[in-house]
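Tertiary structure, described
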Amino acid sequence: ASGVDCITGSNTNDACCEDPCGLLDEWNRANNEMNYASRMYDAMSAAMSGFEPRFVIDSGRNGQSGMRSSCSNWCNIRGAGVGHVPTIETDSELVDALFWLKTPGESD
């Protein structure tokens, strides 16, 4: 296992670790950016011997919690806000950087 988990890890209060739709209650361990990176790491390193993937998380549109009026509405959330300022200081063994990969506020 990768050791990065928003439930038990050091990032539990991070916006990337939120679970606004209660997906953990549905046994979805990839319910947010950090847990998704952790699950991807586990799958990729198991499938490719010796491979240790690293990840970049887009924090350009995850600055405000509770923005979804419906958990089936994943795209173009109005007022989502800009998340973390781009940085390579992530306190994560899996995540190399938090970047605004797309212009904040731009539609998908």
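Scroll up a little and you will see the structure.
Below is a short write-up of the structure. Predicted, not measured: the structure shown is a model, and the values here were computed from it.

On to the overall build of the protein. Along the backbone of the protein there are one helix and two strands. Listed N to C, the secondary structure of the protein is α-β-β in terms of helices and strands. Across the 108 residues in the protein, those meeting the buried criterion constitute 31%. Relative to all contacts within the protein whose residues are 6 or more apart in sequence, the contacts with residues 24 or more apart total 50%. Summed over all atoms, the accessible surface of the protein reaches about 6800 Å², with 50% contributed by carbon and sulfur.

In this structure, M34, A37, Y41, F55, I57, L94, V95 and L98 together form the largest nonpolar core, which totals eight residues. Every element with two or more residues in this core is listed here: α1 (33-47), β1 (55-58) and β2 (95-99). The greatest single-element share of this core, amounting to three residues, is contributed by α1.

Another aspect to go through is a nonpolar patch on the surface. Together, V56, I88, F99 and L101 give the surface a local cluster of nonpolar side chains, amounting to about 390 Å² of exposed area. You can see I88 is positioned in the loop between β1 and β2. Classification of I88 by relative accessible area gives exposed; the value is 65%.

Time to look at the pattern of salt bridges. In this structure the tally under the stated criterion is two salt bridges. Between R39 and D42 there is a salt bridge, and its shortest N-O distance comes to 3.3 Å. A residue pair is termed a helical-turn pair when its members lie 3 or 4 positions apart in one helix, as R39 and D42 do in helix α1 at three residues. Given the relative accessible area of 26%, R39 is considered partly exposed. Since its relative accessible area comes to 23%, D42 is described here as partly exposed.

Moving on, we get to the side chain of T90. Note on placement: T90 falls in the loop between β1 and β2. Overall, T90 belongs to the buried group, its relative accessible area being 12%. Separated by 2.5 Å, the side chain of T90 and the backbone oxygen of V95 make a polar contact.

Cut-offs and rules
- Residues numbered from 1 in each chain as written.
- Predicted model: local features only at pLDDT ≥ 70, side-chain atom pairs only at ≥ 80, totals over all residues.
- Heavy atoms only, no water.
- Helix = DSSP H or I, 4+ residues; strand = E, 2+ residues; numbered from the N terminus.
- Buried < 20%, exposed > 50% of the residue type's maximum accessible area, 1.4 Å probe, protein only.
- Contact = heavy atoms within 4.5 Å.
- Areas by Shrake-Rupley, 256 points an atom, 1.4 Å probe, with all protein chains shown as cover.
- Core = buried A, V, L, I, M, F, W, Y, C linked by side-chain atoms within 4.5 Å.
- Patch = residues over 30% accessible without salt bridge, like charges linked within 9 Å, V, L, I, M, F, W, Y side chains within 5 Å.
- Salt bridge = Lys/Arg side-chain N within 4 Å of Asp/Glu carboxyl O.
- Polar contact = N/O pair within 3.5 Å; in protein donor to acceptor, adjacent residues only side chain to side chain.

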